[in-house]
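Fold and contact review
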Amino acid sequence: MPCQSNEELENILLEAKQYSSKGKVADYIPALSKANPADLSVAIYHSDGTCYSAGCIHKKITLQSISKVITLALALIESGEEFVFSKVGYEPTGDPFNSIVKLEMSNPSKPLNPMINAGALAVTHMIKGSSVEERFQKIIDFVKLLSGNQEISYSKEVAKSEFETSHLNRALCFFMKQHSIINEDVEELLDLYTKQCSIEVNCLDLARIGIVFALDGKEPITNKQLMPSSIARICKTFMVTCGMYNASGEFAVRVGIPAKSGVSGGILGAVPARFGIGISGPALDDKGNSVAGLKLLEILAKKYDLSMF
Ligand SMILES: NC(=O)CC[C@H](N)C(=O)O
């Protein structure tokens, strides 16, 4: 069984850590630029509930795009497959996560998948509730449930920083409003989306969420089904086809596990039926993925034969 000690993981982390210097922290959301590019941490959650970890494991990062897979699960639970996929498609774009170009090219105009910003905004729009507060509470409660961590909260500073600078996301929303994919107030939707992206986790939380997806929705300790297995499988499929933005193809070849990254440098991995993996490493490559995190996953995948292909 792979990785049976923290020391083993520590050695792999040290090898991957050297790659941090090749990346840069995201600064298009000003508050994210405060992150330390040299940070790296990893946790692996086994299906029997044991967990191994290395690095600055308690350091928090915000979920950013990793939240997209969580709101997708929630929207599918609340509204069902038919409704969700009437508003958002199934296909990878090959474009950067915040690109607008395919929205105008597809006919009828709808976001190509729920992992790009346009698709994620359309999914967040579906989360039901009478106010932004009620809807956000639902999202954060779901993150608490999946991570088994009742202490989860969000960074007001990061949420505010993104809300004030999110002009491209505003443009995506207005375009989608014109085409009836969304019909709520754009500022309210952005308020909810930026809060969702600002939920704080560490690599242990990410690994714990990862194992729930890996086990098709089951919590490893209690065996409770936290979401229908069909929904966990839809989410994992999108993680394979679009989870690492427009680097998902190369990632499938090099690593071969369902994963979702975020511009805070987080990566959520789910090795089917085996492990949840959580990584935090804020230095990013030019596609927005954690450079050292990618390296770490590549080493783990080779060493422990993790690829599902
Ligand atoms: N790739 C990401 O992590 C993007 C999430 C970020 N909140 C945005 O909308 O730009």
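On a predicted model such as this, the values are computed, not experimentally measured, just so you know.

1. Considerations on the overall build of the chain
Regarding its fold elements, the chain presents 12 helices and seven strands. Here the C-alpha atoms of the chain give a radius of gyration of 18 Å, agreeing with the 19 Å that 2.2 N^0.38 yields for 309 residues. Its C-alpha atoms put the chain at 55 × 40 × 35 Å along the principal axes. Within the chain, buried positions represent 58% of all 309 residues. In the chain, of all internal contacts separated by at least 6 residues, the share reaching a separation of at least 24 is 69%. Within the chain, the 34 negative side-chain charges are centred at a point lying 1 Å from the centre of the 31 positive side-chain charges.

2. Considerations on the environment of Leu121
Inspection of the secondary structure puts Leu121 in helix H4 (residues 117-126). In this structure the C-alpha to C-alpha distance between Leu121 and Arg208, which are 87 residues apart in sequence, comes to 25 Å. When near neighbours in sequence (up to four residues on either side) are disregarded, Leu121 contacts Asn169, Leu172, Cys173, Met176, Leu189, Leu190 and Tyr193.

3. Overview of the pairing of strand E7 (residues 275-280)
Within E7, six of the six residues are buried, which leaves the element mostly enclosed by the surrounding structure. Side chains Phe275, Ile277 and Ile279 project from E7 onto one buried face, and the interleaved Gly276, Gly278 and Ser280 project onto a second face that is buried too. Of the strand pairs in this sheet, strand E1 (residues 41-46) and E7 are connected by six bridges, and their pairing is antiparallel. The partner of Ile44 across the bridge, within E7, is Ile277.

4. Here's the deal with the packing of aromatic side chains
Here the distance between the centres and the angle between the planes together describe a pair of aromatic rings. Going through the model one piece at a time under the given rule, you end up with six aromatic pairs. Where Tyr90 meets Phe238, the ring centres are 6.5 Å apart and the plane angle is 10 degrees; that geometry is what we call stacked. Of this pair, Tyr90 sits in the loop between helix H2 (67-87) and helix H3 (101-105) while Phe238 sits in helix H10 (residues 229-242), placing them 148 residues apart in sequence. By relative accessible area, which is 46% here, Tyr90 ends up partly exposed. For Phe238, a relative accessible area of 4% puts it in the buried group. By the ring-pair criterion, three or more aromatic residues cluster together here, those being Tyr28, Phe97 and Tyr245. Looking at Arg170, its charged tip hangs above the ring of Phe163, at a distance of 4.9 Å from the centre.

5. Some thoughts on the packing of H2 against helix H5 (residues 132-147)
In the contact formed by H2 and H5, the axes pass within 10 Å of each other and the chain directions differ by 105 degrees. Between H2 and H5, the angle is such that the two are roughly perpendicular. Here H2 contributes Ile70, Thr71, Ala73, Leu74, Ile77 and Glu78 to the contact with H5, which in turn contributes Lys138, Ile139, Phe142, Val143 and Leu146. Class assignment for the residues of the contact of H2 with H5 results in eight nonpolar, one polar and two charged.

6. Some thoughts on the UniProt feature "binding site: substrate" (unreviewed entry) in the chain
Under the local residue numbering, the UniProt record ascribes the feature "binding site: substrate" (unreviewed entry) to Ser65, Asn117, Glu162, Asn169, Tyr193, Tyr245 and Val263. Within the secondary structure, Tyr245 is located in the loop between H10 and helix H11 (248-254). Residues contacting Tyr245, with those up to four places away along its chain left out, are Ser65, Phe97, Lys260, Ser261, Gly262, Val263, Lys287, Gly288 and Asn289. Positionally, Val263 belongs in the loop between strand E5 (259-261) and strand E6 (266-271). The exposure class assigned to Val263 is buried, which follows from its relative accessible area of 6%. Setting aside chain neighbours within four positions, we find Val263 in contact with Ala26, Tyr28, Leu32, Gln64, Phe97, Tyr245, Leu284 and Gly288.

7. Thoughts on the site of the ligand
Taken together, 13 residues surround the ligand, and among them Tyr28, Gln64, Ser65, Glu162 and Tyr193 come closest. Interatomic distance of 2.6 Å between a side-chain N/O atom of Gln64 and a nitrogen atom of the ligand. In the environment of the ligand, an oxygen atom lies 2.8 Å from a nitrogen or oxygen atom belonging to the side chain of Tyr193. A total of 290 Å² of accessible area belongs to the ligand in isolation, and the protein chains cover 99% of it. Within the shell around the ligand, the residues separate by chemical class into seven nonpolar, five polar and one charged. Two domains each donate at least three residues to the shell around the ligand, and these are domain 1 (6-64 + 201-303) and domain 2 (66-197).

The rules behind these values
- Residues numbered from 1 in each chain as written.
- Predicted model: local features only at pLDDT ≥ 70, side-chain atom pairs only at ≥ 80, totals over all residues.
- Heavy atoms only, no water.
- Helix = DSSP H or I, 4+ residues; strand = E, 2+ residues; numbered from the N terminus.
- Rg over C-alpha atoms; globule rule 2.2 N^0.38 Å.
- Buried < 20%, exposed > 50% of the residue type's maximum accessible area, 1.4 Å probe, protein only.
- Contact = heavy atoms within 4.5 Å.
- Lys, Arg positive; Asp, Glu negative; His and termini not counted.
- Charge placed at Lys NZ, Arg CZ, Asp CG, Glu CD.
- Pairing = 2+ DSSP bridges.
- Phe/Tyr/Trp six-rings, centres within 6.5 Å; stacked < 30°, edge-to-face > 60°.
- Lys NZ or Arg CZ within 6 Å of the ring centre and 35° of its normal.
- Axes fitted to C-alpha atoms, helices over the stretch in contact; angles between N-to-C directions.
- Parallel < 35°, antiparallel > 145°, perpendicular 65-115°, else oblique.
- Nonpolar A, V, L, I, M, F, W, Y, C, P; charged D, E, K, R; others polar.
- UniProt positions renumbered as here; feature names shortened; annotations may be inferred.
- Near = heavy atom within 4 Å.
- Polar contact = N/O pair within 3.5 Å; in protein donor to acceptor, adjacent residues only side chain to side chain.
- Areas by Shrake-Rupley, 256 points an atom, 1.4 Å probe, with all protein chains shown as cover.
- Domains from an automatic or database assignment.

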